[in-house]
Amino acid sequence: MKRSTPQALPAVALASSLALVFTIAGTPAATAQESGSWTIGERVVPAPAGASDVLRSALAATPAPSVATSKQQTPQSDEQWLVMQKATANANLDQIASGFGVSIEKAEVEGVTVYRVVPEKIHPRHTDHLFLHVHGGGYVLNGGDASVTEAAIVAASAGIPALSVDYRMPPEHPFPAAVEDVVSVYRHLLESRSAKSIAIGGTSAGGGLSLAAVHRFIALGLDVPGAIYAGTPWADLTKTSDSLFTNEGLDRILVTYDGFLGAAARLYADGHDLKDPLMSPVYGEFEGFPPTYLITGTRDMFLSDTARTHRKLRAAGVVADLHVYEGVAHADYLIFPASPESQDVFQEVSAFFKKHLE
């Protein structure tokens, strides 16, 4: 007896069937609103079983973030922003240098403060290479001596010399000062080395600013770097990306857009359109971009920013590697450097640089 082949259900019919099954099984946890939004009831979120023991233990010992509290912890004046900015700029360069096995020298390039970071052992593959580091901090924090920490981690793990840019920040220097500083330093570097010997990158605002700077390099007719390291990049300063909603209150670092994050975006923009690609690079065109390494995690509020950037890069024919880590919130790989997730991140970054820099 000949059996008939099952036919695939149309998408609408399939969705309706599944909805019916779940409704019959019990009252749905989510209620659809007229706007198309969902109201989802309280959920219990355990420590991620698929994460490393180090990360899982750290998360299990961390109290659940409070969205309400985070919304109240935002500076209300330029003076308050400057106090917070100063408080996050302090770091002990000697401790950073000895802790990661690098030397650090503060200098100035084209009027921009920079930090030269040289690992004790430079990998033979990176003898003529350079990592141009751009620090994170929502465009308003983690400048000064504190800006160099990630550069030291990358330099040590990859065996590559680095130059960290301490770009100007608001409220005194809003957009486009940060982009201009990165461009100035990059132009200077091109006077003595090839673009393909340079990797540019950073985490959070540092990743977003790196992508924005490459948009600017292309617009100015400059050769693009050999590679980009975009760690959980803040690629869209508007409240658009899906994970800003789905991971609100789950990302213990960012917690919510409706607090420091949104306020920092508005402070940096200083009245400019937040969708300007030099602020929100995901809205730009990515043709001509160099190979890009992207990192995020399942608890990261910038998960969608990172994924959207990856898709645009791929659509433009650019080599783009997306790495998503289980249970990782925003920039956890910098906060837990001893975790297997963090060690894997920087081993992968090192391999990516060795593959794509010339």
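Residues numbered from 1 in each chain as written. Predicted model: local features only at pLDDT ≥ 70, side-chain atom pairs only at ≥ 80, totals over all residues. Heavy atoms only, no water.

A few words on the pairing of strand 4 (residues 112–119). Looking along a regular strand, one sees the side chains alternate between the two faces of the sheet. Of the pairings in the sheet, the one linking strand 3 (residues 102–109) to strand 4 comprises eight bridges and is antiparallel in character. Bridge pairing in strand 4 places Glu108 opposite Thr113. Where strand 3 hands over to strand 4, the hairpin turn is made up of two residues, of which Glu110 adopts a positive phi near 50 degrees. (Pairing = 2+ DSSP bridges. Helix = DSSP H or I, 4+ residues; strand = E, 2+ residues; numbered from the N terminus.)

On to the sheet that holds strand 9 (residues 292–297). With respect to topology, eight strands assemble into an open sheet ordered 3-4-6-5-7-8-9-10, the strand pairing being mixed. Only two strands of the sheet have a single neighbouring strand rather than two, namely strand 3 and strand 10 (320–325). Neighbouring strand axes in the sheet, compared pairwise and without regard to direction, differ in orientation by 20 degrees on average. The sheet strands contacting helix 5 (residues 93–100) are strand 3 and strand 4, and the helix crosses strand 3 at an angle near 135 degrees. Where helix 7 (residues 177–190) meets the sheet, its contacts fall on strand 3, strand 4, strand 5 (130–134), strand 6 (162–166) and strand 7 (198–203), and the angle it forms with strand 5 comes to roughly 170 degrees. (Axes fitted to C-alpha atoms, helices over the stretch in contact; angles between N-to-C directions. Contact = heavy atoms within 4.5 Å.)

Below, the discussion takes up the packing of aromatic side chains. One pass over the structure, following the stated rule, counts 11 aromatic pairs. Ring centres of Tyr139 and Trp234 lie 6.0 Å apart, and the angle between their planes is 35 degrees; this geometry places the pair in the tilted category. Here Tyr139, found in the loop between strand 5 and helix 6 (149–158), pairs with Trp234, found in the loop between strand 8 (227–231) and helix 9 (243–246); they are 95 residues apart in sequence, far enough to count as distant. With relative accessibility at 1%, the residue Tyr139 sits in the buried group. According to the relative accessible area criterion, Trp234 is buried, its value standing at 1%. What links up through ring pairs into an aromatic cluster is the set Tyr139, Phe175, Trp234, Tyr268 and Phe302. (Phe/Tyr/Trp six-rings, centres within 6.5 Å; stacked < 30°, edge-to-face > 60°. Buried < 20%, exposed > 50% of the residue type's maximum accessible area, 1.4 Å probe, protein only.)

Quick look at the environment of Leu261 now. Relative to the assigned elements, Leu261 resides in helix 10 (residues 257–269). Leu261 sits in the buried class, given a relative accessible area of 4%. Between the C-alpha atoms of Leu261 and Gly138, which are 123 residues apart in sequence, the distance is 6.9 Å.

For the rest of this paragraph, the subject is the environment of Lys275. Relative to the elements of secondary structure, Lys275 occurs in the loop between helix 10 and strand 9. Spatially, the C-alpha atom of Lys275 lies 18 Å from that of Phe217, the residues being 58 residues apart in sequence. Beyond its immediate stretch of four places on either side in the chain, Lys275 contacts Thr238, Ser280 and Tyr283.

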